[in-house]
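Single-letter residue listing:
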Amino acid sequence: MDTTKTPAPNAPEADTTPADLVKAEAPRAAETESATATAAETETDAELTDKTADDEEFDEDLAEDEEQPGGVGAAASAIVAAGLSLVALSGTWGARVLAERQGLMGQIEGDKSAPPAEQIAALYGDGWQLTALVNGVLSTLALLIAVFVLARPAFGAPGRELPAWVRAVSWAAVVLGAIGALVFGFLYFLPLPKVPA
């Protein structure tokens, strides 16, 4: 019976020291670190590629938004129209000042010996009509701006539309402007109350 042992193919030689084992393991550790670093770089490159693609899509969407007819101008015009119509319906400070000035002129220039109906017309009638006229003009202006904003895409590039919120604000301005124009038109032509004899 043979008592000599044949070493296993993977077994280290008998005279190998622990220092030799550490030296043998060093290239394997370096290879593992290199593979890990390469995998991390590949993941970073993939993330950068995804971010670049997202940035390009965002830039394309932004360019399409900028190409919308009117763009910022249409949005600003819609907001201005809605603001003008609201201000006109609630009464503008300028119209009030002009009405008070007209009333003061009626007091100064009015004939004290005139009948009461003429005195009331001189003191209040002109101011009343001036207030209705100024607010009616503002309402009509708001209505025209809103209609222009809504009609503009029809004359631009086909297939282009305004954003939904711009259309909504413009339609609100159209409605408020139309109401203001009708109300102030009625008030302008409304006769003064008759003074009892």
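Note that the structure is a prediction, hence the values are computed from the model and not measured.

### Side note on the overall build of the chain
Move 1: From N to C terminus, the chain includes five helices and zero strands.
Move 2: Tracing the chain from N to C terminus, the helices and strands come up as α-α-α-α-α.
Move 3: Counting only residues that meet the buried cut, the chain has 17% of its 197 residues in that class.
Move 4: Across the chain, contacts joining residues at least 24 apart in sequence account for 84% of those joining residues at least 6 apart.

### Topic: the environment of Gly 73
Move 1: Of note, Gly 73 is situated in helix α2 (residues 71-90).
Move 2: Judged by relative accessible area, which is 38%, Gly 73 ranks as partly exposed.
Move 3: Residues Gly 73 and Val 149, spaced 76 residues apart in sequence, show a C-alpha to C-alpha distance of 9.0 Å.

### A look at the packing of aromatic side chains
Move 1: Evaluated as defined, the whole model comprises one aromatic pair.
Move 2: Ring centres 5.0 Å apart and planes at 85 degrees place the aromatic pair Tyr 188 and Phe 189 in the edge-to-face group.
Move 3: For Phe 189, a relative accessible area of 66% puts it in the exposed group.

### Some details on helix α4 (residues 116-151)
Move 1: Along its 36 residues, α4 runs 51 Å from first to last C-alpha, staying within 8% of the 52 Å computed at 1.5 Å per residue.
Move 2: The sharpest bend along α4 measures roughly 40 degrees and falls at Ala 122.
Move 3: As for α4, its buried residues are in contact with α2, α3 (93-109) and α5 (164-189).

### Let's talk about the packing of α4 against α5
Move 1: Between α4 and α5, the least distance of the axes is 7 Å, while the angle of their chain directions is 155 degrees. By the criterion of interaxial angle, the relationship of α4 to α5 is roughly antiparallel. In this structure, the crossing between α4 and α5 has a hand that is left-handed.

### Things to note about the pattern of salt bridges
Move 1: Counted by the stated rule, this structure contains two salt bridges.
Move 2: Across the pair Glu 100 and Arg 96 runs a salt bridge, and its minimum N-O distance is 3.4 Å. Of this pair, Glu 100 and Arg 96 both sit in helix α3, separated by four residues, roughly a single helical turn.
Move 3: Overall, the relative accessible area of 49% leaves Glu 100 in the partly exposed class.
Move 4: Note that Glu 161 and Arg 167 form a salt bridge whose closest N and O atoms lie 3.6 Å from each other.
Move 5: The exposure class of Arg 167 is partly exposed, given its relative accessible area of 30%.

### Brief notes about α3
Move 1: Helix length check: α3, at 17 residues, gives a terminal C-alpha distance of 24 Å against a target of 24 Å (1.5 Å per residue), a fit within 8%.
Move 2: Every buried residue belonging to α3 is among Ala 95, Ala 99, Gly 103 and Gly 106, and all of these are buried. Buried residues in α3, looked at end-on, bunch into an arc of 75 degrees, giving them a common side. Exposed and facing more than 90 degrees away from the buried side of α3 are Trp 93, Arg 101, Ile 108 and Glu 109.
Move 3: Taken together, the buried residues of α3 touch α4.

### Considering the nonpolar core
Move 1: Core analysis: the largest hydrophobic core is formed by six residues, namely Ala 74, Ala 75, Ala 78, Val 149, Leu 162 and Val 166.
Move 2: No other element matches α2, which puts three residues into this core.
Move 3: One finds Ala 81, Ala 82, Ala 146 and Ala 173 within the second-largest nonpolar core, a separate group that totals five residues.

### A short note on the environment of Leu 192
Move 1: Here Leu 192 is to be found in the segment after α5.
Move 2: If sequence neighbours within four positions are ignored, Leu 192 has contacts with Ile 120, Ala 121, Gly 125 and Trp 128.

### Quick notes on the confidence of the model for the chain
Move 1: Here the chain averages 75 in pLDDT, while 62% of its residues score no lower than 70.
Move 2: Confidence, expressed as mean pLDDT per element, reaches its minimum in the chain at helix α1 (residues 18-66) with 58 and its maximum at α5 with 92.

Cut-offs applied
Residues numbered from 1 in each chain as written. Predicted model: local features only at pLDDT ≥ 70, side-chain atom pairs only at ≥ 80, totals over all residues. Heavy atoms only, no water. Helix = DSSP H or I, 4+ residues; strand = E, 2+ residues; numbered from the N terminus. Buried < 20%, exposed > 50% of the residue type's maximum accessible area, 1.4 Å probe, protein only. Contact = heavy atoms within 4.5 Å. Phe/Tyr/Trp six-rings, centres within 6.5 Å; stacked < 30°, edge-to-face > 60°. Expected span 1.5 Å × (residues − 1). Bend = angle between axes of the 7 residues up to and from the residue. Axes fitted to C-alpha atoms, helices over the stretch in contact; angles between N-to-C directions. Parallel < 35°, antiparallel > 145°, perpendicular 65-115°, else oblique. Left-handed = near helix turned anticlockwise from the far one by under 90°. Salt bridge = Lys/Arg side-chain N within 4 Å of Asp/Glu carboxyl O. Arc of directions from axis to C-beta. Core = buried A, V, L, I, M, F, W, Y, C linked by side-chain atoms within 4.5 Å. pLDDT = per-residue confidence, 0-100.

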